[in-house]
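Next come the chains, spelled out residue by residue.
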Amino acid sequence: MKLGIVGLPNVGKSTLFNAITKAGAEAANYPFCTIEPNVGVVTVPDERVKKLHEIYNSKKTTYATIEFSDIAGLVKGASKGEGLGNQFLGHIREVEAIVHVVRCFEDSNIIHVEGSIDPRRDIETIDTELILSDMEILERRMAKAKSSMKGGNKAQLGQLQTMERVYEVLSEGKNARTMEFDDADEAEFVRSLGLLSYKPVIYAANVSEDELADAESDDFGGNPYLKTVAELAKAEGSGMVTICAQIEAEMAELEEDEKAEFLADLGISESGLDKLVKASYSLLNLISFLTAGADECRAWPIINGTKAPQAAGKIHSDFERGFIRAEIIAYDKFMEVGGSIASAREKGFLRSEGKEYVMKDGDITNFLFNV
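Residues numbered from 1 in each chain as written. Predicted model: local features only at pLDDT ≥ 70, side-chain atom pairs only at ≥ 80, totals over all residues. Heavy atoms only, no water.

Across its full length, the protein chain carries 15 helices and 12 strands. Against the 2.2 N^0.38 benchmark of 21 Å for 371 residues, the protein chain shows a C-alpha radius of gyration of 23 Å, consistent with a compact globule. Its C-alpha atoms give the protein chain principal-axis dimensions of roughly 65 × 65 × 35 Å. Burial statistics for the protein chain: of 371 residues in total, 48% are counted as buried. Nonlocal contacts in the protein chain, meaning residues at least 24 apart in sequence, comprise 69% of its contacts between residues at least 6 apart. For the protein chain, the accessible area works out to roughly 18200 Å², and carbon and sulfur atoms hold 47% of it. The distance from the centre of the 41 positive side-chain charges to the centre of the 62 negative ones in the protein chain is 8 Å. (Helix = DSSP H or I, 4+ residues; strand = E, 2+ residues; numbered from the N terminus. Rg over C-alpha atoms; globule rule 2.2 N^0.38 Å. Buried < 20%, exposed > 50% of the residue type's maximum accessible area, 1.4 Å probe, protein only. Contact = heavy atoms within 4.5 Å. Areas by Shrake-Rupley, 256 points an atom, 1.4 Å probe, with all protein chains shown as cover. Lys, Arg positive; Asp, Glu negative; His and termini not counted. Charge placed at Lys NZ, Arg CZ, Asp CG, Glu CD.)

And the structure:
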């Protein structure tokens, strides 16, 4: 799972990236200090894996991971090559979703590239550049499709009509992700185009330390910038989390037990990273199934709706090719019987599922196969 962290210069995105990956990307108070994308991998917190490790005393514990790319700052005109725009647009096409860091705090010591704080303007600035870039891509693809049709290839008519529909929406200044497609094949075709404005987005609203504790309240602690971001996110069906990048940076230096105390002192229940991970999973429609044993306890991320054979293939292609059945027990049921497979079997909690079984979050699974 790859997510790109984007935002205008000096909104806090590199500070956030440094905190959640401890990768130490250069953070500086001037535009474009991140030219090449810094990539870091962060583990997805999962208490279930920890508990399974304690039960099995496994030699290895493996959590699901998210790959974050800190991508260069963007300014108006990026789609035409201004700033580092072309490099930005190239890197962002490689990610599955976008974490858009939006500045929602005042600080005269940190210069905003536009000279003032306005989340709506900042979001629209980046959206506009992505839309313009997508329009250029579609123009080339449509011209190619029309040329192919003149040569007698009528099979591309449907795809051309889809691209023309998307282009019309983009021409109105709307993101492609605001469109709905009833036909699954049509939706998959649009996804395959690699349009930047079609990628799902999580807005990370970056607030000051003083505002964080009240930011989750119904009135956003009186912060009008947060309200603006929430309204925009809701309108387009995007995710939103409230974070304080500076606090995340401070927490990154603490031990695990110290982090809990630190959060309690601040009056918040979970870190920005935990909120971002949950939002990422939800946005990308991901769940985790689990495998457990003396050798390893592990969480495996899959798309919600994945059937058992395809889930098995995440472990090894042979598991999918030679799939026979899956022995499954729900994590909650397993813990209900004290982590005992024998007791789970006695109570009928251990199930045998076939090829049509749709995996559920927290399924502890043993795949049987033959190749």
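Over its 15 residues, helix 5 (residues 157-171) extends 21 Å from the first C-alpha to the last, a length consistent with the 21 Å expected when each residue adds 1.5 Å. Looking at helix 5, one finds that the buried residues are L160, T162, M163, V166, V169 and L170. Check the buried side of helix 5 and you find it contacts helix 4 (119-150) and helix 6 (184-192). At the C-terminal side of helix 5, G173 shows a positive phi close to 80 degrees. (Expected span 1.5 Å × (residues − 1).)

In this section: the environment of I364. Looking at where I364 falls in the secondary structure, it is placed in strand 12 (residues 363-369). In this structure I364 comes out as buried when scored by relative accessible area, which is 8%. Sequence-distant contacts of I364, defined by excluding residues within four places in its chain, comprise L52, L290, A292, E327, I328, I329, Y331 and F334.

What follows is about a negative patch on the surface. A cluster of like negative charges, contributed by E255, D257, E258, E261 and D265, occupies part of the molecular surface. With respect to the secondary-structure elements, D257 resides in helix 10 (residues 256-266). D257 sits in the exposed class, given a relative accessible area of 58%. (Patch = residues over 30% accessible without salt bridge, like charges linked within 9 Å, V, L, I, M, F, W, Y side chains within 5 Å. Salt bridge = Lys/Arg side-chain N within 4 Å of Asp/Glu carboxyl O.)

This part takes up the nonpolar core. Counting residues in hydrophobic clusters, the biggest one holds 70 residues, and the most contacted among them are L3, F68, I92 and C104. Per element, the largest residue contribution to this core is six residues, and it comes from helix 8 (residues 224-236). Look past the residues within four positions of I92 in its chain and what remains in contact with it is V6, I71, I98, L130, L196 and K199. The next biggest cluster of nonpolar side chains, apart from the first, holds 20 residues, and it includes M149, L170, A176 and L195. (Core = buried A, V, L, I, M, F, W, Y, C linked by side-chain atoms within 4.5 Å.)

What follows covers the sheet that holds strand 7 (residues 239-243). Ordered in space as 2-4-1-5-6-7, the six strands form an open sheet in which the pairing is mixed. Each edge of the open sheet is held by one strand with a lone partner, namely strand 2 (38-43) and strand 7. Strand after strand, the sheet turns through a mean of 25 degrees between neighbouring axes, direction not considered. As judged from the six bridges shared by strand 2 and strand 4 (residues 65-70), these two strands associate in the antiparallel manner. Paired with T43 across the two strands is T65, which belongs to strand 4. Helix 1 (residues 13-21) rests against strand 1 (2-6), strand 2, strand 4, strand 5 (97-103) and strand 7 of the sheet, and its axis sits at about 150 degrees to strand 4. Strands strand 5, strand 6 (201-206) and strand 7 of the sheet are contacted by helix 8, whose axis makes an angle of about 160 degrees with strand 7. (Pairing = 2+ DSSP bridges. Axes fitted to C-alpha atoms, helices over the stretch in contact; angles between N-to-C directions.)

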